[in-house]
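So the chains spell out like this:
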Amino acid sequence: MASTTSFTFLVAELSPEELEDVLFKQAWITYFWGRAKAHAVEEDIAEDRFQLWISRVGQSPTLHDSVDVERGLSEPRKLGIEQQLWEASRKETDQPSSASVTNTKVAAESDTHS
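A short note on helix H1 (residues 16–38)
So, step 1. Here H1 spans 33 Å end to end across 23 residues, near enough to the 33 Å set by a 1.5 Å rise per residue.
So, step 2. Inspection of H1 places Val22, Lys25, Gln26, Ile29, Thr30, Phe32, Trp33, Gly34 and Ala36 among the buried residues, and these make up the whole buried set.
So, step 3. On the buried face of H1, the contacting elements are helix H2 (43–54), helix H3 (63–79) and helix H4 (81–94).
So, step 4. Ala40 sits one or two residues past H1 and shows a positive phi near 55 degrees.

Structure follows, in structure tokens:
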């Protein structure tokens, strides 16, 4: 005689505070990967991760999502993405824009022709 095993799954819901925490972390991770994508940091995975996290927007988080966001927060840390983003944004602010370079040249030329 074959025995059957039944599994009982407990469905636990997130408290309002946990729900808010998961939603905030999902938004942060989406923003983070979007910045990585924009700055071409970890190009091989940034687009995939950005799409993964953005696809969750608007969905009600579950207990499983609360685990996923913790993993999602640790991945960029392990890859050193925060430091890479910092360096990329520093390069942007350290380099004068082409418009300001052009304006400086035009101003310098007009001073020499006056």
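The structure having been displayed, the exposition proceeds.
Considering the nonpolar core
So, step 1. Judged by nonpolar contacts, the single largest core of 15 residues is most densely connected at Ile29, Trp33, Ala36, Ile81 and Leu85.
So, step 2. Elements with a minimum of two residues in this core: H1, H2, H3 and H4.
So, step 3. The contact partners of Ile81, leaving out residues within four places of it in the chain, are Phe32, Trp33, Ala36, Val41, Glu42 and Pro76.

Remarks on the packing of H2 against H3
So, step 1. Direction vectors running N to C along H2 and H3 enclose 160 degrees, while the axes themselves pass 13 Å from each other. For the element pair H2 / H3, the angle class is roughly antiparallel. The chirality of how H2 crosses H3 is left-handed. Every residue of H3 that contacts H2 at Ile45, Arg49 and Trp53 is listed here: Asp68, Val69, Gly72, Glu75 and Leu79.
So, step 2. Residue classes in the contact of H2 with H3 are distributed as four nonpolar, one polar and three charged.

A look at the side chain of Gln26
So, step 1. Mapped onto the elements of the fold, Gln26 is located in helix H1.
So, step 2. Residues contacting Gln26, with those up to four places away along its chain left out, are Trp53, Arg56, Pro61, Asp65 and Val69.

Structural notes on the packing of aromatic side chains
So, step 1. Going through the model one piece at a time under the given rule, you end up with two aromatic pairs.
So, step 2. When the centroid spacing of 5.5 Å and the interplanar angle of 35 degrees are considered together, the rings of Trp28 and Tyr31 count as tilted. Taken as a pair, Trp28 and Tyr31 lie in helix H1 at a separation of three residues, close to a single helical turn.
So, step 3. Given the relative accessible area of 46%, Tyr31 is considered partly exposed.
So, step 4. Ring geometry for Trp28 against Phe32: centres 6.0 Å apart, planes inclined by 45 degrees, an arrangement best described as tilted. Highlighted residues: Trp28 and Phe32, both in helix H1, separated by four residues, approximately one helical turn.
So, step 5. Taking relative accessible area as the criterion, Phe32 reaches 10% and is therefore assigned buried.

Notes on the pattern of salt bridges
So, step 1. Inspection of every chain in the model, using the stated rule, returns six salt bridges.
So, step 2. As a salt-bridge pair, Lys37 and Glu47 come within 3.0 Å of each other at their nearest N and O atoms. A residue pair is termed long-range when its members are at least 10 positions apart, and Lys37 in helix H1 and Glu47 in helix H2 qualify at ten residues.
So, step 3. Here Glu47 falls in the partly exposed class, since its relative accessible area comes to 32%.
So, step 4. A salt bridge links Arg56 to Asp65; the shortest N-O distance between them is 3.5 Å. Each of the two residues, Arg56 as well as Asp65, counts as buried.
So, step 5. Salt bridges linked by common partners bring Asp21, Lys25 and Glu70 together as one network.

Criteria and cut-off values
- Residues numbered from 1 in each chain as written.
- Predicted model: local features only at pLDDT ≥ 70, side-chain atom pairs only at ≥ 80, totals over all residues.
- Heavy atoms only, no water.
- Helix = DSSP H or I, 4+ residues; strand = E, 2+ residues; numbered from the N terminus.
- Expected span 1.5 Å × (residues − 1).
- Buried < 20%, exposed > 50% of the residue type's maximum accessible area, 1.4 Å probe, protein only.
- Contact = heavy atoms within 4.5 Å.
- Core = buried A, V, L, I, M, F, W, Y, C linked by side-chain atoms within 4.5 Å.
- Axes fitted to C-alpha atoms, helices over the stretch in contact; angles between N-to-C directions.
- Parallel < 35°, antiparallel > 145°, perpendicular 65-115°, else oblique.
- Left-handed = near helix turned anticlockwise from the far one by under 90°.
- Nonpolar A, V, L, I, M, F, W, Y, C, P; charged D, E, K, R; others polar.
- Phe/Tyr/Trp six-rings, centres within 6.5 Å; stacked < 30°, edge-to-face > 60°.
- Salt bridge = Lys/Arg side-chain N within 4 Å of Asp/Glu carboxyl O.

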